[in-house]
Each structure stands twice: as structure tokens, then as C-alpha cells.
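What follows is each chain in one-letter form.
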Amino acid sequence: MTAQVVVLGGGVGGTIVANLVAKQTSGKAHVTVVDTTGIHVYQPGFLYVAVGQEKPSALERLESKLLRQDVTLIVDGATRVDPAARRVELESGRTLPYDQLVLATGSRTVMNEVPGGTAAHDFYTMTGAKRLFKALEAFRGGTIVIGVAGIPYKCPPAPVEFVFLLDDYLRARGIREKVQIKLLSPLNRAFTIEATSKLVQPILAERGIELTGFFNVESVDPVGRTVTSLEDETMSYDLLILVPPHRGQQVIETSGLGDERGWVPVDKNTLKHTRFDHIWAIGDTTNIPISKSGSVAHYEASVAAAEISAEVKGEAPPTHVYDGKVMCFLETGRGQATTIRFDYDHPPVSPAPARRWHWAKALFNKAYWHTVPKGRLP
Ligand SMILES: Cc1cc2nc3c(=O)[nH]c(=O)nc-3n(C[C@H](O)[C@H](O)[C@H](O)COP(=O)(O)OP(=O)(O)OC[C@H]3O[C@@H](n4cnc5c(N)ncnc54)[C@H](O)[C@@H]3O)c2cc1C
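Values in this document were obtained by computation on a predicted structure and should not be read as measured data. Along each chain, numbering runs from 1 in the same order as the chain's sequence is written. Where totals are concerned, whole chains, interfaces and linings use all residues; where local detail is concerned, this predicted model gives features only for residues with pLDDT of at least 70, and gives and counts side-chain atom pairs only at 80 or more. The side-chain numbers reported here are obtained from all heavy atoms of the structure, hydrogens and water having been left aside.

1. A few points about the sheet that holds strand E7 (residues 87–90)
Backbone hydrogen bonds hold the strands of a sheet together, and the pairing may be parallel or antiparallel.
Then, in step 1: Strand pairing is assigned whenever DSSP detects at least two bridges linking the two strands. Secondary structure follows DSSP: runs of H or I at least 4 residues long count as helices, runs of E at least 2 residues long count as strands, and numbering of each begins at the N terminus. Here 3 strands make up an open sheet; going across it, the order is E6-E7-E8 and the pairing antiparallel. Lying at the two open borders of the sheet, with one neighbouring strand each, are strand E6 (78–82) and strand E8 (95–97). Strand-to-strand, the axes of this sheet are offset by a mean angle of 20 degrees, without reference to chain direction.
Then, in step 2: The pairing of E7 with E8 spans 3 bridges and is classified as antiparallel. Following the sheet pairing, Arg87 is matched in E8 by Pro97. Only the stretch in contact is used when a helix axis is fitted, and all axes are lines through C-alpha atoms; the angle between N-to-C directions ranges over 0 to 180 degrees.

Laid out in C-alpha cells, this is it:
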């Protein structure tokens, strides 16, 4: 009998796992992807949209074009998973039975959890990035504050990358000397990874970007134009950009599959749900304390796919497990970038910023559509 493999979410992780399971099981499994929009969005590009370096249309493709022909795409929202009955309920009222289920619904941003926060700009959604670019184009001078309103958030280096790109943008417009850029970090350094923070902090200082540590954004006063931290510090701004709080999707919370923030508890090596059989979770959806990044979703998807395929074929589980591998680029502005690599056993390392890493990131951004959905790294 053909096994029913259902994947919730057609983002980075969901697309890779679906394509790999279909390929590896050669007809023994029928793979279905359920995605709310049916549009695959390349989120790292939001950074560039926000500073006018990328067109929004370049970041979106029809999910149906990225999936193998033998994978079925259902454009619908999953509203509830019933692990006992092994079925998924969809917004349309339809129900889908499954033998194996992959949760790949990513995360959602919840700026409304910050009092006054919806007045802030962000580059964490397409709408936010487009709106931010408009605001920057209209900006003539003053203080731009960039803060973090909750951990964990997607792509930990993104706020640092953004301030470097912002510095370039303001210089190109010839108004850099009229603008103060202030980066507020929840930690005592630029962002979570210590080694890379040490590398980028002198560059922040050199570019005249002020870094304030231990500033966990608690609330915003849009009238007085101030942002206040949990540590009880208040900062004035003319333009405020916040990394919004993140949490798991509503379907995870409604179904009782996650923790109090909707992150799904999984074994950090096998990606199997710790409480429910036949359920895997990958990418931003999990509670693994590791970067919420596309690269993690990618590496995890190939591990989950191999395990599911082995189970469908009645074979022994593969010996290869997820080892915590992360590989990200970090733009440092002026046409340079560095990388961040680590895994569970090896601490992060970052080389000195160089042009080649910037070009490697630019190449990856373009090659993404042709390689990543198939589970290949360019
Ligand atoms: C500004 C920014 C910069 C970034 N830069 C980098 C970077 O340089 N490198 C890097 O590796 N990562 C980066 N990331 C992070 C990366 O984009 C995410 O970590 C990655 O997309 C996570 O993949 P995922 O498959 O877990 O979730 P997603 O790609 O978010 O996909 C989730 C999918 O689930 C669907 N969905 C949600 N709810 C439901 C539901 N109820 N039913 C059905 N479908 C549902 C959504 O429509 C979406 O298609 C960045 C992110 C941002 C915002």
C-alpha cells in the first residue's frame, strides 16, 4: 500500500523534504504538501528589498513550480493536527489522513505582543520590508534605531547585516552624516554568536554605528517616539525598526504539538517529535536552540527525508543524523561579507570579511531557486 506522507508548509524545509521523499521512495509514498499561500518566498531577500537593492517580485515563485511533478500541492491552511487519528484538518473543511507527517510551517512574527510595537518598521515580512524602504526613501536625517523585541528570531545576524546595508544606503544617498544609526542588542554583544560579534563590533564602530547592549525591547511610545527596554532604559528615535517577537504557527499551538510559544519539541538529531509517533518537525518550527535559518531547515530536511523514506521502504533508519550544522553569510557592507559555520560539536568560526563572501552570498541568492528546493547546495 502507498504510504501517505503529508508535509505542512511549502517553505525551504517543506519543499526539500517533499521532493526528497518523493524521489527516494520511488512511488512507495504519495507526498502531499499543504501550504497556505502556494507562493514560495525567499525571505533572506527582505533585507535587500528594505534598502532598495532587490525587487520584491524576484523573491517569489509559485510553489507548484518548485515541487516534483509527483508531489501534490494543496493550497490551504492547516488548522489542526489530530495525532491520535493521524489526520490534518484544513481551513477549507477538508481532512487529510497521514502515515508520516512533517511539520515545516516555520514561524510567525507577532509585533502586536509589544505595546506600541506596531508603529515600528520591520524587515521580517515582505510587507514590512516594502514599507520600510518607502520610509527610508522619505527620511532626510535624524536617529534610526534598530532593536530586537524577542529571542529567538529568524537569522540571528540579520539586524547586524541590516545596519551595514543601511550605512551603505545612506552613504549612497549622501546623507550619512545627517543620520545617527543605533543598534540595540538584547545581549552584551552585537548578537548571539560571540566569535562573530567580536569580528563585527570593530567594523560597527569604524562605520559610526552605535551599539548598545542589554537592551531587550519591551514597549514603544509612538507619540513621544521612544523605545523602552526590560532593563528600564529609554531611547529616542526618529525612525524605529524592530525585529518582531516570533512564535510557532497557530496550527501547532491549537493542536498542542508545541511548547508555550508554539515551538515543536524534537529530538535534536533525528527531528522526531518527542511525544508523538509518525511526526517530524524541521526548520524554524522546532524548539532546537540553534539558529532559525534556511540553512538549518535545509540540512534538517535531508535528514528527515532519509528517515521517512527508510520507514516507508521498511528499511533500517539511516545512520546519518542532524549534527547541528549551520552555515550562514553575514554582509558587512561595502561589498564584503563573512560566513558563520558551526555544529553541535564545533564552535562558530567566521573568516575576516572579504569580497568573495559577498559574491558567494549574491550567487547563492540567485542560484537558490534552481538548487535548494531539490535538496542540493549550490
Ligand atoms: C530578513 C531575513 C533574513 C534572513 N536571512 C537568512 C540567511 O541569510 N540565511 C539563512 O539561512 N536564513 C535566513 N533567514 C531565515 C530563513 O528565511 C528561515 O529560517 C527559513 O525560511 C525557514 O524555513 P522553514 O521551512 O522552516 O519555514 P518557511 O520558509 O518560513 O516556510 C514556512 C511555510 O509554511 C507555510 N505555512 C505556515 N502556516 C501554515 C499552515 N497553517 N498551513 C499550511 N502552511 C502553512 C508558509 O506559507 C510558508 O510557506 C532570513 C529570514 C529573514 C526574515
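Additional details are given in the paragraphs that follow.
2. With respect to the layout of surface pockets
Then, in step 1: Cavities and pockets are defined on a 1 Å grid built over the protein atoms alone: a cavity is a set of grid points where a 1.4 Å probe fits but cannot escape, while a pocket is an open set with protein on both sides within 12 Å along at least five of seven lines, and lining residues are those with an atom within 4 Å of any such point. Grid points are joined across faces, edges and corners, and a volume is the space filled by probe spheres set on the points. By volume, the second largest pocket is sized at about 310 Å³.
Then, in step 2: Looking at the second largest pocket, it is lined by 16 residues, and the ones nearest its centre are Pro156, Thr192, Pro289, Ile290 and Ser291.

3. A look at the pattern of salt bridges
Then, in step 1: Throughout this description, the term salt bridge denotes a Lys or Arg side-chain nitrogen within 4 Å of a carboxyl oxygen of Asp or Glu. Evaluation of the coordinates by the stated rule reveals 16 salt bridges.
Then, in step 2: Put simply, Arg108 and Glu253 hold a salt bridge, and the shortest N to O gap is 3.0 Å. Separated by 145 residues along the polypeptide, Arg108 in strand E10 (residues 107–109) and Glu253 in helix H7 (residues 250–254) bring together distant segments of the chain.
Then, in step 3: Any residue under 20% of the maximum accessible area for its type is buried, any over 50% is exposed, and the rest in between are partly exposed; the area is computed with a 1.4 Å probe on protein chains only. Using a relative accessible area of 21% as the deciding quantity, one classes Arg108 as partly exposed.
Then, in step 4: A relative accessible area of 25% places Glu253 in the partly exposed class.
Then, in step 5: A salt bridge links Glu253 to Arg247; the shortest N-O distance between them is 2.8 Å.
Then, in step 6: The structure contains a network of salt bridges with shared partners spanning Arg108, Glu113, Arg247, Glu253 and Arg261.

4. Remarks on the sheet that holds strand E19 (residues 279–281)
Then, in step 1: Read from one edge of the open sheet, 5 strands run E5-E2-E1-E9-E19, paired in parallel fashion. Edge positions in the sheet fall to strand E5 (71–75) and E19, since each of these pairs with one other strand and no more. Strand-to-strand, the axes of this sheet are offset by a mean angle of 20 degrees, without reference to chain direction.
Then, in step 2: Contacts are assigned to residue pairs that have any heavy atoms within 4.5 Å of one another. On the sheet, helix H8 (residues 294–313) packs against strand E1 (3–8), strand E2 (29–35), strand E9 (100–103) and E19 and is oriented at approximately 165 degrees with respect to E19.

5. Focus on the nonpolar core
Then, in step 1: Definition used in this section: a nonpolar core is a set of buried Ala, Val, Leu, Ile, Met, Phe, Trp, Tyr and Cys residues joined via side-chain atoms within 4.5 Å. In terms of nonpolar packing, the biggest core is built from 105 residues, with Val88, Ile144 and Phe162 touching the most fellow members.
Then, in step 2: Considering every element that reaches this core, the biggest residue donor is helix H5 (residues 158–172), with 9 residues.
Then, in step 3: Ignoring any residue separated from it by four or fewer positions in sequence, one finds Val88 in contact with Val6, Leu8, Ala78, Arg80, Val81, Arg94, Thr95, Leu96, Tyr98 and Leu101.
Then, in step 4: Among the nonpolar cores identified, the runner-up in size contains 14 residues, and Met111, Val145, Leu184 and Met235 belong to it.

6. Here's the deal with the packing of aromatic side chains
Then, in step 1: A pair of aromatic rings is counted whenever rings of Phe, Tyr or Trp (Trp by its six-membered ring) have centres within 6.5 Å, and the orientation is called stacked for planes under 30 degrees apart, edge-to-face for over 60 and tilted otherwise. Counted by the stated rule, this structure contains 10 aromatic pairs.
Then, in step 2: Look at Tyr42 and Trp369: their rings are 6.3 Å apart centre to centre, the planes differ by 65 degrees, and that puts the pair in the edge-to-face class. Of the two residues, Tyr42 sits in the loop between strand E3 (39–41) and helix H2 (46–50) while Trp369 sits in helix H9 (residues 355–371), which places them 327 residues apart along the sequence. Taken as a pair, Tyr42 and Trp369 share a single burial class, namely buried.
Then, in step 3: Ring geometry for Tyr368 versus Trp369: centroids 5.2 Å apart, planes at 85 degrees, classification edge-to-face.
Then, in step 4: By relative accessible area, Tyr368 is classed as buried at 3%.
Then, in step 5: Classification of Trp369 as buried rests on a relative accessible area of 7%.
Then, in step 6: Site record: aromatic cluster; members linked through ring pairs are Tyr42, Phe329, Phe364, Tyr368 and Trp369.
Then, in step 7: Taking the ring centre of Trp369 as reference, the NZ or CZ of Arg61 above it sits at 4.4 Å. Note on geometry: a ring has a charge over it if NZ (lysine) or CZ (arginine) is within 6 Å of the ring centre and within 35 degrees of the ring normal.

7. Quick look at empty space enclosed by the protein
Then, in step 1: Scanning all chains against the criterion turns up 3 cavities of 30 Å³ or more.
Then, in step 2: Reported here for the largest cavity is a volume of approximately 70 Å³.
Then, in step 3: For the largest cavity, the lining is made up of 13 residues, of which Tyr153, Ser185, Pro186, Ala190 and Phe191 are closest to its centre.
Then, in step 4: Following the grouping adopted for this structure description, the nonpolar residues are Ala, Val, Leu, Ile, Met, Phe, Trp, Tyr, Cys and Pro, the charged ones are Asp, Glu, Lys and Arg, and the polar ones are all others, Gly among them. Residues that form the lining of the largest cavity fall into these classes: 11 nonpolar, 2 polar and no charged.

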